[in-house]
Number of protein chains: 2
Amino acid sequence: MNIQETAACLGELGNETRLEIFRILVKSGHKKINVGDLQQQLDIPNSTLSHHLSKLTNVGLINQEKEGRHIFYHPHFKQLQGMIDFLLDECCEGESCLPKNNCC
Amino acid sequence: MNIQETAACLGELGNETRLEIFRILVKSGHKKINVGDLQQQLDIPNSTLSHHLSKLTNVGLINQEKEGRHIFYHPHFKQLQGMIDFLLDECCEGESCLPKNNCC
DNA sequence: TATTCATTTCGACAATCATGGAAATAATAG
DNA sequence: CTATTATTTCCATGATTGTCGAAATGAATA
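Residues numbered from 1 in each chain as written. Chains lettered and ligands numbered in written order. Predicted model: local features only at pLDDT ≥ 70, side-chain atom pairs only at ≥ 80, totals over all residues. Heavy atoms only, no water.

Engineer: Which residues make up the protein's contact with DNA strand D, and what values do they have?
Structural biologist: Taken together, the neighbourhood of DNA strand D is formed by 22 residues, with Gly 36 of chain A together with Arg 18, His 51, His 52 and Gly 68 of chain B sitting nearest. Across the atoms of DNA strand D situated within 4 Å of the protein, the share located in sugar and phosphate is 67%. Between DNA strand D and the protein, one listed contact pairs a sugar or linking oxygen with a backbone N or O atom of Arg 69 of chain A at 3.4 Å. Contact distances for DNA strand D include 3.3 Å between a phosphate oxygen and a side-chain N or O atom of Thr 48 of chain B. Taken together, the elements giving at least two residues each to the surface near DNA strand D come down to helix H3 (35-42), helix H4 (46-58) and strand S3 (70-75) of chain A together with helix H2 (16-27) and helix H4 (46-58) of chain B. Among the residues making up the surface near DNA strand D, the classes are represented as 4 nonpolar, 14 polar and 4 charged. (Near = heavy atom within 4 Å. Polar contact = N/O pair within 3.5 Å; in protein donor to acceptor, adjacent residues only side chain to side chain. Helix = DSSP H or I, 4+ residues; strand = E, 2+ residues; numbered from the N terminus. Nonpolar A, V, L, I, M, F, W, Y, C, P; charged D, E, K, R; others polar.)

Engineer: Describe the pairing of strand S2 (residues 62-67) of chain A, and please don't skip the residues or the numbers.
Structural biologist: Residue and element names in this part refer to chain A. The pairing of S2 with S3 spans 6 bridges and is antiparallel. Its bridge partner lying in S3, Asn 63 is registered against His 74. Turn length for the S2-S3 hairpin, with the two strands adjacent in sequence and antiparallel, is 2 residues, and the turn residue Gly 68 shows positive phi of about 60°. (Pairing = 2+ DSSP bridges.)

Engineer: So what about the sheet that holds strand S3 (residues 70-75) of chain B? Which residues, and what values?
Structural biologist: With respect to topology, 3 strands assemble into an open sheet ordered S1-S3-S2 (chain B), the strand pairing being antiparallel. A strand with exactly one partner marks an edge of an open sheet, and here the two such strands are strand S1 (33-34) and strand S2 (62-67) of chain B.

Below, the structure written as structure tokens:
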């Protein structure tokens, strides 16, 4: 995970709507959630939602899984972890004031 | 730390230049760094740097400390931690797949 | 006070972004 | 096939953002 990738992930999560989408997915853990479910919870137009989902997908923070006429989304925990690790990496010049943390 | 605050922090770190600035401050830990030092390391105009610093300051990710004719900047680790906690909070509906982590 | 160095403010610009309506595509059910 | 539901693509638009030059401010020293 380099600086470009990390900045891209952070930037996408920096939009309130996308952060809410991502949180819904994170909270539901490994349960399956499709676009329709999200739309109901968020109450935003389908085109807007689709736009946000593709942005999150592009930076690798979420994955999609097609099944029948639904598309299920779930968070990509490794990418989230990578992003966090980059932020905390080499904190305080290796004095390691930050315990490593693992995600899922 | 609510969703608006978290999104604001994430968004500001989503800019590559600002992420680099933040990283320099994080890496140097509790050592003092002023604007001049940063400018040397980054090689960007002072107005641009100042612009980025004020954005990071506004969302509480860094603090400034005036001393003589210098202004020293340092990361606000609690805010960074709050941001990360928000992202990981309630992951997988309380199945607690994510160990809590502490920053500094 | 004058000088010097550090930092900020102002003003401008192109580039990117968020949003959503409308139409198009995909997939299943009847 | 037709109807229905789910999802995406296309397109437009106003708003925000990133960048930087130039000027202004601040603070210390001589």
